[in-house]
Amino acid sequence: MTEQRKAVALISGGLDSMLAARVVMDQGVQVEGINFFTGFCVEGHTHAIRKKDRDRVKRNNALWVAEQLGIKLHIVDVIEEYKDVVINPKHGYGAHLNPCLDCKIFMVHKALEWTQANGFDFIITGEVIGQRPKSQRRETMPVVARESGADDRLLRPLCARNLPPTLPEREGWVDRERLHDFSGRSRKPQMALAAQFGFKDYAQPAGGCCFLTDEQYSVKLADLWKTRGTRRYELDDIMLLKVGRHLRPRPHFKLIVGREEGENRFLEGYRKQFTHFRPVSHNGPLVLLDGEAGEEDLELAARLTARYSQGRSADSVRVEVTDRAGASRLLDVTPLPAASVPREWHL
Ligand code: SF4
């Protein structure tokens, strides 16, 4: 009897990796999934916070995919190691602060380490030549294989027939003829294959699998690095960039304004780390102040808090200001008129 081969599939939660895993499973290979938690993932958390998303199904798409496929999923925390990928990408960024090529290399490398530690034979990704302008081009395919160290233990079942045969194909662990030759940006072949497998209700991420492909998010991250004078971040920093309206009225401080109930509640969890504001005469947002602020700055922040409260048209709004030590006081302020909030303040 021939030995059953084992492969680990990188599962992002999107359709391509789901199909890639399934194609290989159908050839009798034992497949398990691996998903890396970087802190920038779009999944779950923001949808869980926002009230407007409350009716949407909240699911971790990677877990959902694993469940659909009936495979084990290993979720690996790579927050610390991933920082170097975001901060110093050797191959540079995509349209925003997304280091996609370095990210792919990093993830395949981590998957390779995992296969070595767990006695697996090869790695599967859902990459398709030409699908993404930066990271999934014909020229980048060998770069990912080489620089990750995976070399020809990296199989891309959706476009394998457009690439040189890999070890699993040469050794007959999988039949190359039953792999695919997808290429280009069209999603039609993937959708047809999904229909063939009977997959419905899969996630269709628009830009990419993480917040780094989002223009506004990247602007906020760049602002964080610039104002701190160093390209570093902690998990809390990147979580807070996902939530609220971010305004920088002065170079030395910015405000994070909850846009609705769910966000206010999320920001509550951070209030001991920041001076914060809350209107008490009217309903309104919880506002965190990130940076250093003098008396005039506190007044400006209170007026902005009032501006985003239900008292925005009132003559005066009472705002409670609480410092990091927990000492509170009340300020009666005139809400800042919309015309006095320049566009440049919005990050
Ligand atoms: S979109 Fe984000 S997670 Fe996906 S490859 Fe690019 S940097 Fe990595």
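The sections below set out a description of the structure shown in this document. (Residues numbered from 1 in each chain as written. Predicted model: local features only at pLDDT ≥ 70, side-chain atom pairs only at ≥ 80, totals over all residues. Heavy atoms only, no water.)

Looking only at helices and strands, the chain features 12 helices and 11 strands. Structurally, the chain occupies a C-alpha span of about 80 × 40 × 35 Å along its principal axes. With 347 residues in all, the chain has 51% of them scored as buried. The contacts in the chain between residues at least 6 apart in sequence include a share of 66% that link residues at least 24 apart. Surface summary for the chain: the accessible area is close to 16600 Å², and the carbon and sulfur share equals 48%. (Helix = DSSP H or I, 4+ residues; strand = E, 2+ residues; numbered from the N terminus. Buried < 20%, exposed > 50% of the residue type's maximum accessible area, 1.4 Å probe, protein only. Contact = heavy atoms within 4.5 Å. Areas by Shrake-Rupley, 256 points an atom, 1.4 Å probe, with all protein chains shown as cover.)

Next up on the list: the pattern of salt bridges. Per the counting criterion, the structure on display carries 22 salt bridges. For Arg265, the salt bridge is made with Glu261, and the minimal N-O distance between the two is 3.2 Å. One end of the pair is Arg265 and the other is Glu261, both in helix H11 (residues 261-268) and four residues apart, which spans about a single turn. Judged by its relative accessible area of 46%, Arg265 falls in the partly exposed class. Asp332 is paired through a salt bridge with Arg318; the nearest N and O atoms lie 2.9 Å apart. Linking Asp332 in strand S11 (residues 328-333) with Arg318 in strand S10 (residues 317-322), this pair joins segments that are 14 residues apart in sequence. Overlapping salt bridges bring together Glu3, Arg5 and Asp121 as one network. (Salt bridge = Lys/Arg side-chain N within 4 Å of Asp/Glu carboxyl O.)

On to the site of the ligand, then. Neighbouring the ligand are the residues Tyr82, Pro99, Cys100, Cys103, Cys209, Cys210 and Thr213. Considering only residue class, the shell around the ligand consists of six nonpolar, one polar and no charged. (Near = heavy atom within 4 Å. Nonpolar A, V, L, I, M, F, W, Y, C, P; charged D, E, K, R; others polar.)

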